[in-house]
Amino acid sequence: MGETIKHPDEFYPLMKLMLLAKRVEKKTSVWLLQPHWAFCYATLRKVSRSFALVIQQLPSDLRDVVCVYYLVLRALDTVGGTMAFKVLMDQFHHVSTAFLELDTDYLEVIKDITKRMGEGMAKFLSKEVETIDDYNEYCHYVAGLCGLGLSKLFYASGREDLAPESLSISMGLFLQKISIVRDYLEDINELPKCRMFWPRQIWSKYVNKLKDFKYEDNSVKAVQCLNEMVTNALLHVEYCLVYMYNLRDPAIFQFCAIPLVINMGNLTVYYNNVVIFKGVVEMRRGIDTLLVNMHIIDQTRTMADVYGAFFDFCCIMESKVDRDDPNATSTLKRLEEISKTCRDSGTLLNQRFDVEKKEAKVTPKF
Ligand SMILES: CC(C)=CCC/C(C)=C/CC/C(C)=C/COP(=O)(O)OP(=O)(O)O
């Protein structure tokens, strides 16, 4: 707040975000709910940076389902958690009770996806991400399946048609790859043992060991590799746009569109940005992220908004391409394809996100 007073123009959007969070949280206030549901929502708010808000704005039937789905998958992903993650594991019986209250169709989807994701994650405990195929396979298990399950839950709710599997999986792959790009430093510095999700097939073109990107002397190579990783993630964008185009329910649309647009914005920031390897995250950046994200939450309601945002982000990314970058041609080609899809939609308006705020900054997660 002290920071905000130095920037009074930011006061209004910040207040708006706080009010939105309050309004959404009211629907899941612990005072209104039975203890197991109160636990689920209180824990969701503590363990999820990205999804708590969008899950809570879903219509009540889907809100409960997706909240339980999130917590079950989050628990699966938590091996030795601390703080709220430890509480989630220690008191998982609350999530089980909530799970057993869901309709059978939802139960079956959550069970099936959890089993398949667990098997996939187990496979990668003893296997490194060597090739690009391995990378896609790993992302499929940890996020593609999550997208597949979400589409099945939307279908079971009667609010959406069943989306083609490959499109649902693309949504997960795109979001996951952006996380993997962002988390380079966190993963490489993980104790007791580093985690490596960048595929050797890509990074070995630039250095002998993935950790070498941490060192200043390798920053040119590091950024070139980063740009190849970003270009690889861009492969999924066209499929994500088709997925979004097919959605009908406004609340489900917003649930999917907000993380998608915010992540594409983040990818634009990460592109050609050496800060990914330095991990400088400071308070001002947190506020800037919040403000840009507030704007996105406010402005992302229709497919025209999504095309507009993606078009703007493509323009910014294009302006950041260094012609000497080894992947410049393929990056520009992918950006042009995405821009064309957005233009061909015929919906582009003269709207522009306040993206300058995001440029050249690496921000904390959404
Ligand atoms: C159809 C559709 C919408 C598909 C999307 C599927 C989906 C939600 C995939 C998960 C992506 C992802 C990187 C989650 C974890 O982020 P995080 O660990 O940063 O999340 P957190 O904020 O909850 O910690």
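In short, a report on the structure. All figures in this text were calculated on a predicted structure; none of them were measured in a lab.

Scanning the protein chain for helices and strands turns up 18 helices and zero strands. Evaluated residue by residue, the protein chain yields a buried proportion of 53% over its 366 residues. Put simply, 76% of the contacts in the protein chain that link residues at least 6 apart link residues at least 24 apart. Only carbon and sulfur atoms are counted for the fraction: they give 57% of the accessible area of the protein chain, which is about 17100 Å².

What follows covers the site of the ligand. The ligand sits among 19 residues. The nearest are Ser48, Arg49, Ser50, Tyr70 and Arg74. In the model, an oxygen atom of the ligand is placed 2.7 Å from a nitrogen or oxygen of the serine 48 side chain. Between the ligand and arginine 49 there is a distance of 2.8 Å, counted from an oxygen atom to a backbone nitrogen or oxygen. Considered on its own, the ligand offers 630 Å² of accessible surface; in the complex 89% of this is hidden by protein. Among the elements of the structure, helix H5 (60–77), helix H9 (132–156) and helix H10 (165–182) are those that each provide at least two residues to the shell around the ligand. With six residues, H10 is the largest single contributor of residues to the shell around the ligand. In terms of residue class, the shell around the ligand is made up of ten nonpolar, six polar and three charged.

Our next topic: helix H17 (residues 303–320). Across its 18 residues, H17 extends 26 Å between first and last C-alpha, which sits within 8% of the 26 Å expected from 1.5 Å per residue. Burial of H17 is extensive: 15 of the 18 residues sit out of reach of the surface.

Opposite charge on two side chains makes pairing possible when the charged atoms of those side chains draw close. Evaluated as defined, the whole model comprises 19 salt bridges. Arginine 182 is paired through a salt bridge with aspartate 183; the nearest N and O atoms lie 2.9 Å apart. Linking glutamate 228 and lysine 205 is a salt bridge whose minimum nitrogen-to-oxygen distance equals 2.6 Å. Of this pair, glutamate 228 sits in helix H13 (residues 219–234) while lysine 205 is found in the loop between helix H12 (200–203) and H13, placing the two residues 23 residues apart along the sequence. Here the salt bridges do not stand alone but share partners, grouping Asp61, Arg159 and Asp249 into one network.

Below, the discussion takes up the side chain of aspartate 212. Within the secondary structure layout, aspartate 212 lies in the loop between H12 and H13. Despite its burial, aspartate 212 pairs with no opposite charge, the nearest such side chain being lysine 211 at 4.2 Å. Other than its neighbours up to four places away in sequence, aspartate 212 contacts Tyr184, Val207 and Asn218.

The next thing to look at is the packing of helix H3 (residues 35–47) against helix H7 (residues 92–100). Taken N-terminus to C-terminus, the directions of H3 and H7 make an angle of 110 degrees; their axes are 8 Å apart at the nearest point. Between H3 and H7, the angle falls in the class roughly perpendicular. Relative to H7, H3 is oriented so that their crossing is left-handed. Every residue of H7 that contacts H3 at Pro35, His36, Trp37, Phe39 and Cys40 is listed here: His94, Val95, Thr97 and Ala98.

Following the sequence through the fold, valine 230 ends up in helix H13. Owing to a relative accessible area of 0%, valine 230 belongs among the buried residues under this scheme. Each C-alpha atom, one on valine 230 and one on isoleucine 178, is 7.6 Å from the other, the two residues being 52 residues apart in sequence. In contact with valine 230, other than residues within four places in its own chain, are Val181, Leu267, Tyr271 and Met317.

Running from N to C, H5 and H7 point in directions that differ by 140 degrees, and their axes come no closer than 10 Å. The angle between H5 and H7 places the two elements in the oblique class. Viewed along their axes, H5 and H7 form a crossing whose handedness is left-handed. Mapping the contact onto sequence places Val68, Leu71, Val72 and Ala75 in H5 and Phe92, Val95, Ala98 and Phe99 in H7. Counted by class, the contact of H5 with H7 contains eight nonpolar, no polar and no charged residues.

As enumerated under the stated definition, the model contains one cavity of 30 Å³ or more in all. Lining the largest cavity are Tyr184, Asp187, Ile188, Arg195, Met196, Phe197, Trp198 and Leu210. In terms of residue class, the lining of the largest cavity is built from six nonpolar, no polar and two charged.

Basis of the calculations
Residues numbered from 1 in each chain as written. Predicted model: local features only at pLDDT ≥ 70, side-chain atom pairs only at ≥ 80, totals over all residues. Heavy atoms only, no water. Helix = DSSP H or I, 4+ residues; strand = E, 2+ residues; numbered from the N terminus. Buried < 20%, exposed > 50% of the residue type's maximum accessible area, 1.4 Å probe, protein only. Contact = heavy atoms within 4.5 Å. Areas by Shrake-Rupley, 256 points an atom, 1.4 Å probe, with all protein chains shown as cover. Near = heavy atom within 4 Å. Polar contact = N/O pair within 3.5 Å; in protein donor to acceptor, adjacent residues only side chain to side chain. Nonpolar A, V, L, I, M, F, W, Y, C, P; charged D, E, K, R; others polar. Expected span 1.5 Å × (residues − 1). Salt bridge = Lys/Arg side-chain N within 4 Å of Asp/Glu carboxyl O. Lys, Arg positive; Asp, Glu negative; His and termini not counted. Axes fitted to C-alpha atoms, helices over the stretch in contact; angles between N-to-C directions. Parallel < 35°, antiparallel > 145°, perpendicular 65-115°, else oblique. Left-handed = near helix turned anticlockwise from the far one by under 90°. 1 Å grid on protein atoms, 1.4 Å probe; cavity = no way out; pocket = protein on both sides within 12 Å on 5 of 7 lines; lining within 4 Å. Points joined across faces, edges and corners; volume = space filled by probe spheres on them.

By themselves, these figures tell us nothing about what the structure is for.
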